[in-house]
Number of protein chains: 2
Amino acid sequence: MKRNVHVSTAVIRRLPRYYRQLSELQESGTVRISSSALGKSMGLTASQIRQDLFCFGEFGQQGYGYKVDSLKEEIGEILGISRGHTIIVLGTGNLGRAIIENFKFSSNGFRMLAAFDVDPAVVGTEIAGVPVYHADSLEDFLREKPASVGMLTVPIAAAQEMGDRLVAAGVKGIWNFTNYEISFPKDEVVVESVHFSDSLLTLSYLISQREPMDQETQNQKEEKEP
Amino acid sequence: MKRNVHVSTAVIRRLPRYYRQLSELQESGTVRISSSALGKSMGLTASQIRQDLFCFGEFGQQGYGYKVDSLKEEIGEILGISRGHTIIVLGTGNLGRAIIENFKFSSNGFRMLAAFDVDPAVVGTEIAGVPVYHADSLEDFLREKPASVGMLTVPIAAAQEMGDRLVAAGVKGIWNFTNYEISFPKDEVVVESVHFSDSLLTLSYLISQREPMDQETQNQKEEKEP
């Protein structure tokens, strides 16, 4: 497998989609798939698919297509699914709880170790089998059981502070749901943020492009222009 | 403002980040900012910033930089924030509830009309002031009060069916949190999905790239290669 080739961010962003699509194909009993059929199901061209997968080595066979299970396994390997990654959750409000209860961490190669909060009503309880500890014990816990990733579902005001504590305690990645652009000295940690507002504003943009502006707004626009 | 220029998906995806960053700058009292300072705060180069914003017209002034409030306003306009978009929520489990309670829809230009569920324990109640109706009444409701967007936080098994009902009832966009790749005939509706697993797998990839593989895994890899 080629590991030293430069892989663009756009390709990296598509890898999880390939993995998800191939998992669905596998579940539906599909054994092999052509690059054009795979592309169609993902809104990409066959040539795009071949280019993307070429970055990581030769998976397909001319005239035969891709073997779903081995391609899925290879992409999973590239994504680090068998690395034994572990994760802890900071903040067990509705969002933290929803993700702990519903998200399939193990299907994504992550083992959930524990959750942390400051609310006496939840500290000492379990959420879907995950123990909830007081945030004060975070550093002690991580000394005993290092975690690869800390998931941040704390209020925005606590985002940077809890992020700093996670980094100081040695986590390698932060999965940030706080809608706050936390920042750290370069290379200290990898931050992946799920910004709900970016997603909704993208949707807002796309639907706005499809609907004509009403006449009044249109007129205001024209007046502004030179 | 130039409206007919082709704008790449990558630029569109960055617009909400600009909007978010400019909102934070505005709140902190910053009046104007250079493209290099704006770029630095977003991990982009000054030239990238200038290119992006050039797609939508001339906002900056040589040697002066950008006026934070007017640039924010213009980008908000492009994103459709003043279009009076409306939204309804399908599914009031933990995730739906978390988003209704915590997400600032109005700051993103959306007015929340109602939520729908089938659980008798929540139908007829309110969540953070938002009325919850039975899913059976979805079509009747939308005939009275059309919504721009339907947010899907239903279980995965109900994703496509509820999506189809939303489209048939005339929504223009679907904000999909079901981790299911819902699909519709092209151009019928805009779908924007928040796939938590894509985000976590990207993080998994990025941290895997930083840590050396352990020796055993490395050996297995090498044996596989010709």
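Here the structure is a predicted model, which means the values were calculated and not measured.

Chemist: Would you explain the overall build of chain A in this entry?
Modeler: Looking only at helices and strands, one finds nine helices and nine strands in chain A. Across the 226 residues of chain A, 51% fall into the buried class. Just so you have it, chain A exposes about 11200 Å², and 49% of that area is on carbon and sulfur atoms.

Chemist: Which parts of the structure should I look at to understand the relation of the copies chain B and chain A?
Modeler: In this arrangement, two copies of a chain are superimposed by a rotation about an axis accompanied by a shift along the axis. Between chain B and chain A, which share one sequence, the superposing operator has a rotation angle of 180 degrees and an axial displacement of 0.0 Å; the RMSD is 0.0 Å. Expressed as a symmetry operation, the mapping of one chain copy onto the other fits a two-fold axis. Residue by residue, 99% of the interface of chain B is reproduced at the interface of chain A, so both copies engage with the same surface.

Chemist: I tried to follow the packing of helix 1 (residues 9-27) of chain A against helix 8 (residues 196-210) of chain B on my own but got confused; where do I start?
Modeler: To describe two helices that pack against each other, one gives the angle between their axes and the distance between the axes. The interhelical angle for the contact between helix 1 of chain A and helix 8 of chain B, taken along N-to-C directions, is 120 degrees, at an axis separation of 9 Å. Taken as axis vectors, helix 1 of chain A and helix 8 of chain B run oblique relative to one another. Seen along the crossing, helix 1 of chain A lies across helix 8 of chain B with a hand that is right-handed. Across the interface between the two elements, Ile12(A), Arg13(A), Leu15(A), Pro16(A), Arg17(A), Tyr19(A) and Arg20(A) from helix 1 of chain A touch Ser197(B), Asp198(B), Leu201(B), Thr202(B) and Tyr205(B) from helix 8 of chain B.

Chemist: Where do I start with the sheet that holds strand 7 (residues 149-152) of chain A in this structure?
Modeler: Consider a sheet: its strands pair through backbone hydrogen bonds, and that pairing is either parallel or antiparallel. Residues and elements named next belong to chain A. On the basis of which strands lie adjacent, the open sheet formed by seven strands has the order 5-6-4-3-7-8-9 and mixed pairing. Of all strands in the sheet, those with a lone pairing partner are strand 5 (126-127) and strand 9 (190-193), marking the two edges. Across the face of the sheet, helix 7 (residues 159-168) comes into contact with strand 3 (85-90), strand 7 and strand 8 (173-176) while running at roughly 170 degrees to strand 7.

Chemist: Please clarify how the packing of aromatic side chains should be interpreted in this entry.
Modeler: Counting across every chain of the model gives 20 aromatic pairs over all chains. A ring pair is formed by Tyr133(A) and Phe141(A), whose centres lie 5.6 Å apart and whose planes are at 40 degrees; its orientation type is tilted. Of the aromatic side chains, those joined through ring pairs into one cluster are Phe103(A), Phe105(A), Trp175(A), Phe177(A), Phe196(A), Phe103(B), Phe105(B), Trp175(B), Phe177(B) and Phe196(B).

Chemist: I keep staring at the confidence of the model for chain A and nothing clicks. Help me out?
Modeler: It should be kept in mind that the predicted coordinates are not to be read in detail where pLDDT is low. All names here are of chain A. When pLDDT is averaged along chain A, the result is 87, and 88% of the positions lie at 70 or above. Below pLDDT 50 for its whole length, residues 214-226 participates in nine contacts with residues either more than four positions away or in separate chains. Scored as a whole, the predicted complex attains pTM 0.82, and scored at its interfaces, ipTM 0.86.

Chemist: Looking at this structure, how should I read the pairing of strand 8 of chain A?
Modeler: Where a strand is regular, its side chains alternate between the two sheet faces. Residues and elements named next belong to chain A. Side chains Gly173 and Trp175 of strand 8 all project onto a buried face; the interleaved residues Ile174 and Asn176 project onto the opposite face, where all are buried too. Bridge count for strand 7 against strand 8 is four bridges, and the pairing is parallel. Bridge pairing in strand 8 places Leu152 opposite Asn176. Regarding topology, helix 7 serves as the crossover connection from strand 7 to the parallel strand 8, and that connection is right-handed.

Chemist: Is there a simple way to think about the interface of chain B and chain A in this case?
Modeler: Size of an interface, as often reported, equals the accessible area lost when the parts are brought together. In this complex, chain B contributes 71 residues to the contact, which on the side of chain A involves 70 residues. With both chains or domains summed, chain B and chain A bury close to 6300 Å², and 59% of this area falls on carbon and sulfur atoms. Viewed at the interface, chain A and chain B are joined by four salt bridges. Across the pair Glu181(B) and Arg20(A) runs a salt bridge, and its minimum N-O distance is 2.5 Å. Counting across the chain B and chain A interface gives 22 residue pairs in polar contact (both at pLDDT 80 or more).

Chemist: Please clarify how unusual backbone geometry should be interpreted in this entry.
Modeler: Only a minority of non-glycine residues have a phi that is not negative, and only a minority of peptide bonds are not trans. Even without a glycine there, the phi angle at Asn179(A) is positive, about 65 degrees. Structurally, the position occupied by Asn179(A) is in the loop between strand 8 and strand 9. At Ala128(B), a residue that is not glycine, the phi angle is positive and equals roughly 50 degrees. Within the element layout of this structure, Ala128(B) appears in the loop between strand 5 (126-127) and strand 6 (130-134).

Chemist: Hey, could you run me through the sheet that holds strand 8 (residues 173-176) of chain B in this one?
Modeler: One open sheet accounts for seven strands, arranged 5-6-4-3-7-8-9 (chain B); its pairing is mixed. Two strands in the sheet have a free side with no partner beyond their single neighbour: strand 5 and strand 9 (190-193) of chain B.

Chemist: I tried to follow the environment of Ala135(B) on my own but got confused; where do I start?
Modeler: Residues and elements named next belong to chain B. Take Ala135: it is sitting in the loop between strand 6 and helix 6 (138-144). Placed 120 residues apart in sequence, Ala135 and Leu15 show a C-alpha to C-alpha distance of 34 Å. The residues touching Ala135, leaving out its near neighbours within four places in the chain, are Phe116, Asp117, Val118, Met162 and Arg165.

Chemist: I would appreciate a short explanation of the pattern of salt bridges in the present structure.
Modeler: Any two side chains of opposite charge can pair if their charged atoms end up close together. Residue and element names in this part refer to chain A. By the definition in use, this model includes twelve salt bridges over all chains. Residue Glu192 pairs with Arg13 through a salt bridge whose shortest N-O separation is 2.9 Å. On the criterion of sequence distance, the pair formed by Glu192 in strand 9 and Arg13 in helix 1 is long-range, its members being 179 residues apart.

What counts, and at which threshold
- Residues numbered from 1 in each chain as written.
- Chains lettered and ligands numbered in written order.
- Predicted model: local features only at pLDDT ≥ 70, side-chain atom pairs only at ≥ 80, totals over all residues.
- Heavy atoms only, no water.
- Helix = DSSP H or I, 4+ residues; strand = E, 2+ residues; numbered from the N terminus.
- Buried < 20%, exposed > 50% of the residue type's maximum accessible area, 1.4 Å probe, protein only.
- Areas by Shrake-Rupley, 256 points an atom, 1.4 Å probe, with all protein chains shown as cover.
- Least-squares fit on C-alpha atoms with pLDDT ≥ 70 in both.
- Contact = heavy atoms within 4.5 Å.
- Axes fitted to C-alpha atoms, helices over the stretch in contact; angles between N-to-C directions.
- Parallel < 35°, antiparallel > 145°, perpendicular 65-115°, else oblique.
- Left-handed = near helix turned anticlockwise from the far one by under 90°.
- Pairing = 2+ DSSP bridges.
- Phe/Tyr/Trp six-rings, centres within 6.5 Å; stacked < 30°, edge-to-face > 60°.
- pLDDT = per-residue confidence, 0-100.
- Right-handed = clockwise from strand over helix to strand, strands pointing away.
- Buried area = accessible area lost by both parts, 1.4 Å probe.
- Salt bridge = Lys/Arg side-chain N within 4 Å of Asp/Glu carboxyl O.
- Polar contact = N/O pair within 3.5 Å; in protein donor to acceptor, adjacent residues only side chain to side chain.

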